[in-house]
Amino acid sequence: MVANSGVTVDEVRRLAMSLPRTTEHLIHDRVKFRVGQIVYVAFSRDETVLGFAYPKEERDALIASDPAKFHLPGLSDQRFNWVHAWSAALGEEEMRELVVDAWRMVVPKSVAAAHLGR
């Protein structure tokens, strides 16, 4: 078994920028990816935490599945569809799935279907 070396901003950027309608922004020294005004992936200032859009009703189950990897955002951000993960704990395939699913939450279904071939 190969240990995770974690994911970097550059790896997430390559994926996110390949997704239609995505733009990258640096806001308060934090790298964020969004569609329109909706942020779907963001890094902490020190790039150790990856935040991503995730359905609120499924959030507890994700965190319970691996509490050493996933955690709730700060209290003020818990009102959003959002989860945090330690970027060092994520593998590339898992990151790809989380980022694409987050993107799918913020684009029209037709855009996601056209891009993903579904």
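In the block above lies the structure referred to throughout.
Presented here is a report on the structure given in the accompanying data block. On a predicted model such as this, the values are computed, not experimentally measured, just so you know. (Residues numbered from 1 in each chain as written. Predicted model: local features only at pLDDT ≥ 70, side-chain atom pairs only at ≥ 80, totals over all residues. Heavy atoms only, no water.)

1. Some remarks on the nonpolar core
Ranked by size, the top nonpolar core spans 34 residues in total, and within it Val12, Tyr40, Val41, Phe52, Phe70, Val99 and Trp103 carry the most contacts. Of all the elements in the fold, those that place two or more residues in this core are helix 1 (9-16), strand 2 (30-35), strand 3 (38-43), strand 4 (49-53), helix 2 (56-65), strand 6 (82-86), helix 3 (92-106) and helix 4 (109-116). It is helix 3 that contributes the most residues to this core, 7 residues altogether. (Core = buried A, V, L, I, M, F, W, Y, C linked by side-chain atoms within 4.5 Å. Buried < 20%, exposed > 50% of the residue type's maximum accessible area, 1.4 Å probe, protein only. Helix = DSSP H or I, 4+ residues; strand = E, 2+ residues; numbered from the N terminus.)

2. What about the pairing of strand 3?
Pairing between strand 2 and strand 3: 4 bridges, direction antiparallel. Note on strand 3: the bridge partner recorded for Phe33 is Val41. Bridging between strand 3 and strand 4 involves 3 bridges; their strand directions are antiparallel. Paired with Phe43 across the strands is Leu50, a residue of strand 4. In textbook terms, the turn of a hairpin is the stretch between consecutive antiparallel strands, and for strand 3 and strand 4 this stretch comprises 5 residues, one of which, Glu47, has a positive phi near 65°. (Pairing = 2+ DSSP bridges.)

3. Quick word on the side chain of Arg59
Here Arg59 shows up in helix 2. Other than its neighbours up to four places away in sequence, Arg59 contacts Tyr54, Leu72, Gln78, Phe80, Trp82 and Val83. (Contact = heavy atoms within 4.5 Å.)

4. Some words on the sheet that holds strand 4
The strand order across the open sheet formed by 6 strands is 1-2-3-4-6-5, and the pairing between neighbours is antiparallel. The sheet terminates laterally at strand 1 (22-27) and strand 5 (70-71), the two strands that pair on one side only. Where strand 1 meets strand 2, 6 bridges bridge the pair, whose relative direction is antiparallel. Within strand 2, the residue paired with Glu24 across the bridge is Phe33. Along the sheet, helix 1 makes contact with strand 1, strand 2 and strand 3, crossing strand 2 at roughly 15°. The sheet contacts of helix 3 involve strand 1, strand 2, strand 3, strand 4 and strand 5, and relative to strand 3 the element is tilted by about 155°. (Axes fitted to C-alpha atoms, helices over the stretch in contact; angles between N-to-C directions.)

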